[in-house]
Amino acid sequence: MRIMISADMEGATGVTWTDDVVPGSPQWDRFRRLFTGDVNAVLAGLFDAGAADVLVNEAHSSQRNLLLEDLDPRARMLTGRHKPLSMMQGIDSGVDGVVFLGYHAGAGFDGVLSHTYLENQITGVWLDDVPASEGRLNAAMAAEYGVPVLLVSGDDETCEDARDYAPEAELVQVKECVSRYAAICLPPARTAELLTGAAADAMARAGREERQVRPHRIEVEFDASHLAQATAVIPTVEQIGTRRVGFDAPDMTEAMKAFKVVTAIAAGAVQGIYG
């Protein structure tokens, strides 16, 4: 069995605020090690339960956060930005299951460091009229390739979200949200045990499923009108409200490529502290 891990950082063990996940700070250096520890804990469970190959797709921000030198030597790691399928690069390579590690709640919802792609300019995303986190978006792409979501880890809000979009997945709560920047956290020794056990159990569900290819619609709401205006110049993207845009796509892969363009244009239109 071949498995993929999509590894984000906001939902990793102990992470609670900006400095924990933004490259360059002493806190980020510290949490890179905890993040890598979470990945290794999942890898241990996957390999113990029969995985033959595991690709770890580094999916957080710069996508250069995991410590390759400390990674389980049985795994392979995809690192660096500008991947065509972003957080889900590798889902089209014939894998038999995917793990969403270190995920977080979506923009507009409670959760530690909750957001959807952009840290603070997006106030909501909807997939086919349903409020969508990165987890929901990525699960829809996995379904398009017939790949089951095996495990989701993060805070309690992340796990509650996953119960809806991936009801059969194993869930590992590594912390309990108190606010966007505070959480009750389990120590790494505890979370490692939970992650390894859940990953081993999750392997029972590994195996390709029927592909779910169909049209999708994504709508995005921003915190300022000029971001909607800036992204509405993209072909196929329509401004449908003062701060909201929407677009249709023939399948989830094309939808996510368009969503990447929308977020990139919006990020480029932000002007200093006024956004």
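Residues numbered from 1 in each chain as written. Predicted model: local features only at pLDDT ≥ 70, side-chain atom pairs only at ≥ 80, totals over all residues. Heavy atoms only, no water.

## Notes on the overall build of the protein
Filter applied, for reference: Helix numbers and strand numbers start at the N terminus; a helix is a DSSP run of H or I with at least 4 residues, a strand a run of E with at least 2. As defined in this context, the radius of gyration uses C-alpha atoms, and a globule is described by 2.2 Å times the residue total to the power 0.38. Exposed residues in this analysis have more than 50% of their type's maximum accessible area, buried residues have under 20%, and partly exposed residues fall in between, with area computed by a 1.4 Å probe over protein chains only. Here, two residues are considered to be in contact whenever any of their heavy atoms come within 4.5 Å of each other.
Each helix and strand in the protein was counted, giving 7 helices and 12 strands. The C-alpha radius of gyration computed for the protein amounts to 18 Å, which stays within 12% of the reference 19 Å derived for 275 residues, consistent with globular compactness. Taking the principal axes of its C-alpha atoms as reference, the protein extends roughly 50 × 45 × 30 Å. A total of 275 residues make up the protein; the buried ones form 56% of that total. For the protein, contacts bridging at least 24 residues in sequence account for 67% of all contacts bridging at least 6.

## Points about the side chain of Asp8
Our working rule: The convention is simple: Lys and Arg are positive, Asp and Glu are negative, and His and the chain ends are not counted. Salt bridge, as used here: a side-chain nitrogen of Lys or Arg that lies within 4 Å of a carboxyl oxygen of Asp or Glu. Any pair of nitrogen or oxygen atoms within 3.5 Å is treated as a polar contact; in protein, a donor-acceptor pairing is required on top of that, and neighbouring residues in sequence qualify only through side-chain atoms on both sides.
Secondary-structure assignment places Asp8 in the loop between β1 (2-7) and α1 (18-21). For the buried Asp8, no salt bridge exists, and the shortest N-O distance to an oppositely charged side chain is 10 Å, to Lys83. Of the polar contacts made by the side chain of Asp8, one reaches the side chain of His104; its length is 3.1 Å. If near-sequence neighbours (up to four positions away) are discounted, Asp8 is found in contact with Phe35, Ala59, His60, Met87, Leu101, Gly102, Tyr103, His104 and Glu134.

## Digging into the confidence of the model for the protein
As a reminder of what qualifies: Every residue carries a pLDDT, the predictor's confidence in it, which falls somewhere between 0 and 100.
Summary statistics for the protein give a mean pLDDT of 97 and a share of 100% for residues scoring 70 or more. Of all helices and strands in the protein, the one with the weakest mean pLDDT is α1 (96), whereas strand β4 (residues 97-101) scores best (99).

## Observations concerning the packing of aromatic side chains
Short version of the rule: Stacked, tilted and edge-to-face are the three classes applied to pairs of Phe, Tyr and Trp rings, where Trp contributes its six-membered ring and a pair requires centres within 6.5 Å; stacked means planes under 30 degrees apart, edge-to-face means over 60, and tilted covers the rest.
Tallying each qualifying case throughout the model produces 3 aromatic pairs. Summarising the aromatic geometry, the rings of Phe100 and Tyr103 are spaced 4.6 Å apart at their centres and angled 0° between planes, so their arrangement reads as stacked. In this structure Tyr103 comes out as buried when scored by relative accessible area, which is 1%. For the pair Phe100 and Tyr165, a centre-to-centre distance of 6.5 Å together with 45° between the ring planes defines the contact as tilted.

## Things to note about the nonpolar core
Here is the rule: Among buried residues, the Ala, Val, Leu, Ile, Met, Phe, Trp, Tyr and Cys ones that are joined through side-chain atoms within 4.5 Å form a nonpolar core.
With 48 residues, the main nonpolar core has Ile91 and Ile218 as its most contacted residues. Ignoring anything within four residues of it in the chain, the contact list for Ile91 reads Met4, Leu85, Val98, Met141, Ala142, Tyr145 and Val147. Counting residues in each nonpolar core, the second largest holds 38 residues, with Phe35, Leu66, Leu71 and Val112 among its members.

## Side note on the pattern of salt bridges
One pass over the structure, following the stated rule, counts 13 salt bridges. Notably, a salt bridge pairs Arg217 with Asp248, separated by 3.0 Å at the nearest N-O pair. Here Asp248 lies in strand β12 (residues 244-249) and Arg217 lies in strand β10 (residues 216-222), a separation of 31 residues in the sequence. Here Arg217 falls in the partly exposed class, since its relative accessible area comes to 22%. For Asp248, a relative accessible area of 51% corresponds to the exposed category.

## Let's talk about helix α7 (residues 252-268)
Here is the rule: Helix span, expected: 1.5 Å multiplied by one less than the number of residues in the helix.
In this model, α7 (17 residues) spans 24 Å end to end at C-alpha, consistent with the 24 Å of a helix rising 1.5 Å per residue. Tucked into the core, α7 has its buried residues touching β5 (122-127), α3 (134-144), β10, α6 (225-231) and β12. By the N-cap criterion, in which a side-chain oxygen at the helix start approaches the backbone nitrogen of a residue two or three places on, α7 is capped by Asp251, the distance to Thr253 being 3.2 Å.

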